[in-house]
Amino acid sequence: MNIVERFLKYVSFDTQSADETGITPSTEKQWALARYLQNELTELGLEDIVLDDNGYLYATLPANTDAAIPTIGFIAHMDTSPDCSGENVQPRIVRNYDGQDIVLDEAAGIVTTTKKFPELLDHVGEDIIVTNGHTLLGADDKAGIAEIVQAIAYLKEHPEIKHGRIRVAFNPDEEIGLGAHKFDVERFGCEWAYTMDGGELGELEFENFNAASARVEITGVSVHPGYAKDKMINAARVATEFAALLPECETPEHTVEYEGFYHLIGMEGSVEHASLTYIIRDHDRQKFEARKAYIQQVADLLTSKYGEGVVKVTLNDQYYNMRQQVEPVMHIIDIATEAMQACGVTPRVRAIRGGTDGAQLSFKGLPCPNIFAGGLNFHGPHEFLPIPSLEKASEVVVKICELTAARQA
C-alpha cells in the first residue's frame with residue numbers, strides 16, 4: 001500500500017472529537033481507527049503493540065543494529081476537529097494542479113479560490129487532495145499518521161538503513177486540547193520524539209504560545225426597568241463593558257507571528273447573569289503573565305464600580321511554550337533540520353500560533369518538536385493536501401531515524 005492509499009483509507013474513518021463529554025476518547029468513533037491501526041501495525045510486524053483503555057496506541061520498530069542509539073519516537077493524533085464535520089469524507093485528487101480556482105461542489109457553488117487561498121499557487125503542477133466542499137479532509141492529522149506508518153514500512157523493507165529502536169504513538173483528542181493528558185510518557189520510553197502535526201512543507205516548530213483560559217461570570221440585579229434607578233445591575237451590559245476594556249487590536253484578527261492576544265470565544269447574557277469566555281495567548285512568558293493580570297485588573301475595576309460579587313474571573317493555565325524544554329537539547333532540532341535538507345526540503349523554523357501535544361509532552365519530560373505534515377487550511381472544507389508534501393514528510397521521518405543512528409556510529 002502506498003502513502004496516498006493509506007491516507008485515503010484513514011480519512012474514511014469519522015474521528016471527530018467532542019468537548020465536554022468527560023470520557024477518553026471523547027467520542028466512541030475514534031476507537032474504529034485506533035483498532036484499524038492496531039491491526040495494521042501488527043501486519044507490519046511491529047512489536048510491543050498496546051492499545052490502552054484510553055485509546056492511545058503505542059508500538060515499536062526494533063533496532064536493526066547493536067550500536068547504542070537513543071530511542072526516539074514519532075506521534076500523530078487520530079481525531080479531527082469539532083469545528084467541521086468529518087463524516088463521509090469524499091476526497092478527490094486534482095491531478096497536475098493548473099493554478100486556477102478549484103470547484104469543490106459546482107451545484108452548491110463551493111469553490112476554493114486562489115484569491116482567498118493564495119497558498120494554492122505554491123503547488124502548481126502538483127497532485128492535490130481536496131474535499132467535496134462539505135466536510136474537512138482530515139489531513140490534520142491523518143496525514144501525520146500515514147507519514148509515520150509509511151516510513152516504518154519503508155524501514156522494514158530496507159534493512160540496509162541502520163536505525164535504533166523507534167517508537168510510534170497515535171493518540172485521541174488532540175483537537176480538544178487533551179491529546180497529551182493521558183499519554184504515558186514512561187511507557188513510550190523515548191529520549192525525544194517528534195509530532196508530525198505541522199502544516200506546509202518544511203515547517204519545523206519548537207516554540208508555541210503560552211496558553212490560558214479565562215471565564216468571566218457576572219451576577220446582576222434585576223429590577224423593573226421603570227423603577228431601576230440606582231438599583232438595577234444589568235449583567236449583560238456589564239459584560240459588554242468588560243469586553244470593551246480589553247485592548248481592541250490585541251485579538252487574533254489583528255495579530256501575527258509573536259504577537260499575543262485575547263480571544264473572546266463565547267458570551268451569553270441577560271439582566272441577571274452574563275458570562276464571557278476568553279483564551280489568552282502569548283509566546284513570551286512575562287507578557288503572558290501580564291495578560292492574565294490585566295484580565296484580573298479589569299474585573300477589579302468593575303468590582304470597584306458595581307460592588308463585590310458582581311464580577312468573578314476564573315483563570316486556568318492550559319500549556320506553556322515548549323522552547324524552554326527544547327533549548328537544552330537543540331541537537332534534536334539539528335537532526336530534523338539536517339534530515340529535511342537531505343530530502344530536498346527547505347526548513348521553515350517558525351513559532352506555532354497555537355499549541356500541540358508536543359508542548360504538553362515536553363513539559364512531561366519528553367522533548368517533542370513539531371514537523372510538517374503537509375496539509376493546509378485545516379478544520380474546514382477548503383482543506384487540501386499536496387501529495388508531494390505528504391511524501392516528503394514520510395521521507396523526513398526515515399532520514400531522522402537514519403541520522404540519529406549515524407550520529408552514534
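Residues numbered from 1 in each chain as written. Predicted model: local features only at pLDDT ≥ 70, side-chain atom pairs only at ≥ 80, totals over all residues. Heavy atoms only, no water.

S.K.: Go over the overall build of the protein chain with me, naming the residues and quoting the values.
M.R.: Per the secondary structure count, the protein chain includes 10 helices and 17 strands. Compactness check: the protein chain gives a C-alpha radius of gyration of 24 Å against a globular reference of 22 Å for 409 residues, within 12% of the reference. Taking the principal axes of the C-alpha coordinates as reference, the protein chain spans close to 85 × 55 × 40 Å. Considering the protein chain as a whole, with its 409 residues, one finds that 53% of them fall into the buried category. Entry remark: accessible area of the protein chain is about 17,900 Å², with carbon and sulfur atoms responsible for 48%. (Helix = DSSP H or I, 4+ residues; strand = E, 2+ residues; numbered from the N terminus. Rg over C-alpha atoms; globule rule 2.2 N^0.38 Å. Buried < 20%, exposed > 50% of the residue type's maximum accessible area, 1.4 Å probe, protein only. Areas by Shrake-Rupley, 256 points an atom, 1.4 Å probe, with all protein chains shown as cover.)

S.K.: Describe in detail the environment of Ile280, supporting the description with residues and values.
M.R.: Looking at the secondary structure, you find Ile280 in strand 13 (residues 273-282). Along the primary structure Ile280 and Thr60 are separated by 220 residues, whereas in three dimensions their C-alpha atoms are 38 Å apart. In this structure Ile280 touches Asn210, Ala211, Ala212, Ala214, Phe261, Tyr262, Phe288, Arg291, Lys292, Ile295 and Leu315, once residues within four positions along its chain are discounted. (Contact = heavy atoms within 4.5 Å.)

S.K.: Tell me about the pattern of salt bridges, and name the residues and values.
M.R.: According to the stated counting rule, one finds 19 salt bridges in the structure shown. Here Glu207 and Arg323 are joined by a salt bridge, their closest N and O atoms 2.9 Å apart. Separated by 116 residues along the polypeptide, Glu207 in strand 10 (residues 203-208) and Arg323 in helix 7 (residues 323-326) bring together distant segments of the chain. Since its relative accessible area comes to 9%, Glu207 is described here as buried. With a relative accessible area of 31%, Arg323 lands in the partly exposed category. A salt bridge links Glu289 to Arg285; its shortest N-O distance comes to 3.1 Å. Of this pair, Glu289 and Arg285 are both found in helix 6 (residues 285-306), 4 residues apart, which corresponds to roughly one turn of the helix. You can call Glu289 partly exposed: its relative accessible area is 32%. (Salt bridge = Lys/Arg side-chain N within 4 Å of Asp/Glu carboxyl O.)

S.K.: Describe in detail the sheet that holds strand 1 (residues 47-51), supporting the description with residues and values.
M.R.: Pairing within the open sheet is mixed, and its 8 strands lie in the order 1-2-8-3-9-16-10-15. Across the chains shown, the open sheet's two edge strands, defined by having one partner strand only, are strand 1 and strand 15 (348-352). Pairwise comparison of adjacent strand axes, ignoring direction, gives a mean angle of 25° for this sheet. Each of strand 2 (57-61), strand 3 (72-77), strand 8 (166-171), strand 9 (192-198) and strand 16 (370-372) is contacted by helix 3 (residues 139-157), which is oriented at about 145° to strand 3, the strand it contacts most. (Pairing = 2+ DSSP bridges. Axes fitted to C-alpha atoms, helices over the stretch in contact; angles between N-to-C directions.)

S.K.: With reference to specific residues and values, describe the side chain of Thr251.
M.R.: Looking at the element boundaries, Thr251 is found in the loop between helix 5 (235-244) and strand 12 (261-269). Once you skip the residues sitting within four places of it in the chain, Thr251 turns out to touch Phe261 and Tyr262.

S.K.: How would you explain the sheet that holds strand 13 if you had to name every residue and give the values?
M.R.: Taken in spatial order, the 4 strands line up as 12-13-11-14 in an open sheet, and their pairing is antiparallel. Both edges of this open sheet fall to strand 12 and strand 14 (311-319), since each of them pairs with a single strand only. Put simply, the sheet's adjacent strands are angled 15° from each other on average, direction ignored. Pairing analysis gives 8 bridges linking strand 12 to strand 13, with the strands arranged antiparallel.

S.K.: Describe the pairing of strand 9, naming the residues involved and giving the relevant values.
M.R.: Residues in a regular strand project their side chains so that they alternate between the two faces of the sheet. Burial within strand 9 is extensive, with 7 of its 7 residues counted as buried. Where strand 9 lies against strand 16, 3 bridges are found, and the strand directions are parallel. Bridge pairing in strand 16 links Gly198 to Phe372.

S.K.: Give a detailed account of the nonpolar core, specifying residues and quantitative values.
M.R.: Residues Phe7, Phe74, Ile145, Phe170, Tyr194, Ile371 and Ile400 are the most contacted members of the largest nonpolar core, which totals 66 residues. Once you skip the residues sitting within four places of it in the chain, Phe74 turns out to touch Ile148, Ile166, Arg167, Val168, Ala169, Phe188, Tyr194, Met196, Val397, Ile400 and Cys401. Core analysis: the second largest hydrophobic core is formed by 24 residues, Leu276, Phe288, Leu302 and Val311 among them. (Core = buried A, V, L, I, M, F, W, Y, C linked by side-chain atoms within 4.5 Å.)

S.K.: Explain the pairing of strand 2 to me, and be specific about the residues and the numbers.
M.R.: The element strand 2 is extensively covered by neighbouring structure, given that 5 of its 5 residues are classed as buried. By the alternation rule, side chains of strand 2 split into Leu57, Ala59 and Leu61 and Tyr58 and Thr60, which are all buried. Where strand 1 meets strand 2, 3 bridges bridge the pair, whose relative direction is antiparallel. Each residue of the ladder has a partner; that of Leu51, found in strand 2, is Leu57. Counted between consecutive antiparallel strands, the loop separating strand 1 from strand 2 contains 5 residues, among which Gly55 sits at a positive phi close to 85°. As paired elements, strand 2 and strand 8 share 5 bridges and run antiparallel to each other. Bridging from a neighbouring strand, Ala59 pairs with Val168 of strand 8.

S.K.: Please provide a residue-by-residue account of the packing of helix 8 (residues 331-342) against helix 10 (residues 387-408), values included.
M.R.: Relative to each other, helix 8 and helix 10 sit at 125°, their axes nearing to 9 Å. Taken together, the axes of helix 8 and helix 10 are oblique relative to one another. Here helix 8 runs over helix 10; the crossing is right-handed. Every residue of helix 10 that contacts helix 8 at His331, Asp334, Ile335, Ala336, Glu338, Ala339, Met340 and Ala342 is listed here: Val396, Lys399, Ile400, Leu403, Thr404 and Arg407. Considering only residue class, the contact of helix 8 with helix 10 consists of 8 nonpolar, 2 polar and 4 charged. (Parallel < 35°, antiparallel > 145°, perpendicular 65-115°, else oblique. Left-handed = near helix turned anticlockwise from the far one by under 90°. Nonpolar A, V, L, I, M, F, W, Y, C, P; charged D, E, K, R; others polar.)

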